[in-house]
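Overview (structure and organization)
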Amino acid sequence: MKIREIIGALEQFAPLSLQDGFDNAGMQIGLTVDAESSGVLLCLDVTEEVVEEASEKGCDLIVSHHPLIFHAPKRLTGEDYVQRTIIKAIQKGINVYASHTNLDNAPGGVNWKIADTLGLTEVRPLAAKPEIEGAGSGVIGRLKEPMEREDFVVMVKERFDAGSVRYNSWCGEQVQTVAVCGGAGAFLIPDAIAQHADVFITGEIGYHRFFGYDQLIQLMEIGHFESEQYTINLLGQIIRKACPDVRLLETEIETNPINYL
């Protein structure tokens, strides 16, 4: 299977047209896209260690969720980890592709994977994108049965293996309608409130955004990496379905830069 065909399968599921305006999803380093792929390594973040891993395991394509190249580098001198990773990938002959906010916004994409992990039903986009049915930022759904707030917090922490869960002092007692957005999704808090969600879960909220919602909604911040970790499984499912003969590996490198004590 040619690298170009693998990329085509990813973009059929998550068209680049669905990416947000600030994003830089797509081919990051395209060296041999018309060649037969020797293997694909899946990851959330591309680092020097991940590139080395791909090389050692004979993979000529890395597919990540987060773009390695987000802001265009002005030079390649190896002065930061992005530059060093680009240089190493080129030296090793490894192609790099990112499926980022287009995969977040795609029907059945990252946020649907989070909803599935939580066991939500009746899932729909939180902020729909009219151009494609089922596409949008974040999703909202319902638990099969209401849960006590404290039990729900514990369940979320366990399901996402989160080092910590930060949440506000919501006045409610039970949770059933749940809105989610992987990564930095605090911009969707008003949408979650407007659609009467009991709780909004995302990877990053920020200190000041926690103020003022105690009477409106339960806010939960579980960590950027933790919220999107299952994206690797999703990427694998997409590629396996369209390209069953491709050698597919998941990174063994821990790329979460945040530690918990």
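Here is a short report on the structure shown in this document. Predicted, not measured: the structure shown is a model, and the values here were computed from it.

1. Topic: a nonpolar patch on the surface
A grouping of Leu31, Leu76 and Ile90 is seen on the molecular surface, where their side chains present a nonpolar patch of about 260 Å² in accessible area. Locating Leu31 in the fold gives a position in the loop between strand E1 (26-29) and strand E2 (40-43). By relative accessible area, which is 39% here, Leu31 ends up partly exposed.

2. Some thoughts on the side chain of Arg149
Within the secondary structure, Arg149 sits in helix H6 (residues 149-159). Here Trp170 takes part through its backbone oxygen, which lies 2.4 Å from a polar atom of the side chain of Arg149. Leaving out residues up to four positions away in the same chain, Arg149 has contacts with Ser169, Trp170, Gly172, Glu173, Gln174, Val175 and Gln218.

3. Overview of H6
Taken residue by residue, H6 has Arg149, Phe152, Val153, Met155 and Val156 as its buried positions. Down the axis, H6 shows its buried residues gathered within 165° of arc, on one side only. In this structure, the buried side of H6 is in contact with helix H5 (110-118), strand E6 (136-148), strand E7 (166-167), strand E8 (174-181), strand E9 (199-202) and strand E10 (218-221).

4. What to know about helix H9 (residues 231-242)
Taking 1.5 Å per residue, 12 residues should reach 16 Å; H9 reaches 17 Å between its end C-alpha atoms and fits that length. For H9, the full list of buried residues reads Thr231, Ile232, Leu234, Leu235, Gly236, Ile238 and Ile239.

5. Some words on the sheet that holds E7
Sheets are built from strands that pair by backbone hydrogen bonding, the pairs being arranged parallel or antiparallel. What the six strands build is an open sheet, ordered E5-E6-E8-E9-E10-E7; its pairing is mixed. Where the open sheet ends on each side, the last strands, each with one partner, are strand E5 (121-128) and E7. By the bridge criterion, four bridges tie E8 to E9 in an arrangement that is parallel. In the sheet register, Val178 faces E9, and the bridge partner there is Val199. Sitting on the sheet, H5 is in contact with E5, E6, E8 and E9, with an inclination near 155° to E8. Relative to the sheet, H6 contacts E6, E7, E8, E9 and E10, its axis offset from that of E6 by approximately 125°.

6. Structural notes on the sheet that holds strand E11 (residues 248-250)
An order of E1-E4-E3-E2-E11 is seen for the five strands of this open sheet, with the pairing classed as mixed. Of all strands in the sheet, those with a lone pairing partner are E1 and E11, marking the two edges. Neighbour-to-neighbour, the strand axes of the sheet open up by a mean angle of 25°, direction not taken into account. Where E1 and strand E4 (residues 95-98) come together, three bridges link them in antiparallel fashion. Bridge pairing in E4 links Gly26 to Ala98.

7. Some thoughts on the pairing of E2
Side-chain direction in a regular strand flips from residue to residue, so the side chains alternate between the two faces of the sheet. In E2, alternate side chains face the same way, and those of Val40 and Leu42 on one face and Leu41 and Cys43 on the other are all buried. As paired strands, E2 and strand E3 (residues 61-64) are joined by four bridges and run parallel to one another. Considered in E3, the bridge of Leu41 is made with Ile62. Following the chain from E2 across helix H2 (residues 48-56) to the adjacent parallel E3, one finds a crossover that is right-handed. Bridge count between E2 and E11: three bridges; the pairing is parallel. What sits directly across from Val40, in E11, is Leu248.

8. A closer look at the pairing of E8
For E8, the buried fraction is high: seven of the eight residues fall into the buried class. In this sheet, E8 lies alongside E6 in antiparallel orientation, the contact comprising six bridges. Each residue of the ladder has a partner; that of Met147, found in E8, is Val175. Running through helix H7 (residues 189-194), the crossover from E8 to the neighbouring parallel element E9 is right-handed.

9. Points about the packing of helix H1 (residues 3-13) against H9
Running from N to C, H1 and H9 cross one another at 115°; their axes reach a closest spacing of 9 Å. As H1 packs across H9, the resulting crossing turns out to be right-handed. For the pair H1 and H9, contact is made by Ile6, Ala9, Leu10 and Phe13 and by Leu234, Leu235, Ile238, Ile239 and Ala242, respectively. Along the lines of polarity and charge, the residues of the contact of H1 with H9 split into nine nonpolar, no polar and no charged.

Reading the values: the criteria
- Residues numbered from 1 in each chain as written.
- Predicted model: local features only at pLDDT ≥ 70, side-chain atom pairs only at ≥ 80, totals over all residues.
- Heavy atoms only, no water.
- Patch = residues over 30% accessible without salt bridge, like charges linked within 9 Å, V, L, I, M, F, W, Y side chains within 5 Å.
- Areas by Shrake-Rupley, 256 points an atom, 1.4 Å probe, with all protein chains shown as cover.
- Salt bridge = Lys/Arg side-chain N within 4 Å of Asp/Glu carboxyl O.
- Helix = DSSP H or I, 4+ residues; strand = E, 2+ residues; numbered from the N terminus.
- Buried < 20%, exposed > 50% of the residue type's maximum accessible area, 1.4 Å probe, protein only.
- Polar contact = N/O pair within 3.5 Å; in protein donor to acceptor, adjacent residues only side chain to side chain.
- Contact = heavy atoms within 4.5 Å.
- Arc of directions from axis to C-beta.
- Expected span 1.5 Å × (residues − 1).
- Pairing = 2+ DSSP bridges.
- Axes fitted to C-alpha atoms, helices over the stretch in contact; angles between N-to-C directions.
- Right-handed = clockwise from strand over helix to strand, strands pointing away.
- Left-handed = near helix turned anticlockwise from the far one by under 90°.
- Nonpolar A, V, L, I, M, F, W, Y, C, P; charged D, E, K, R; others polar.

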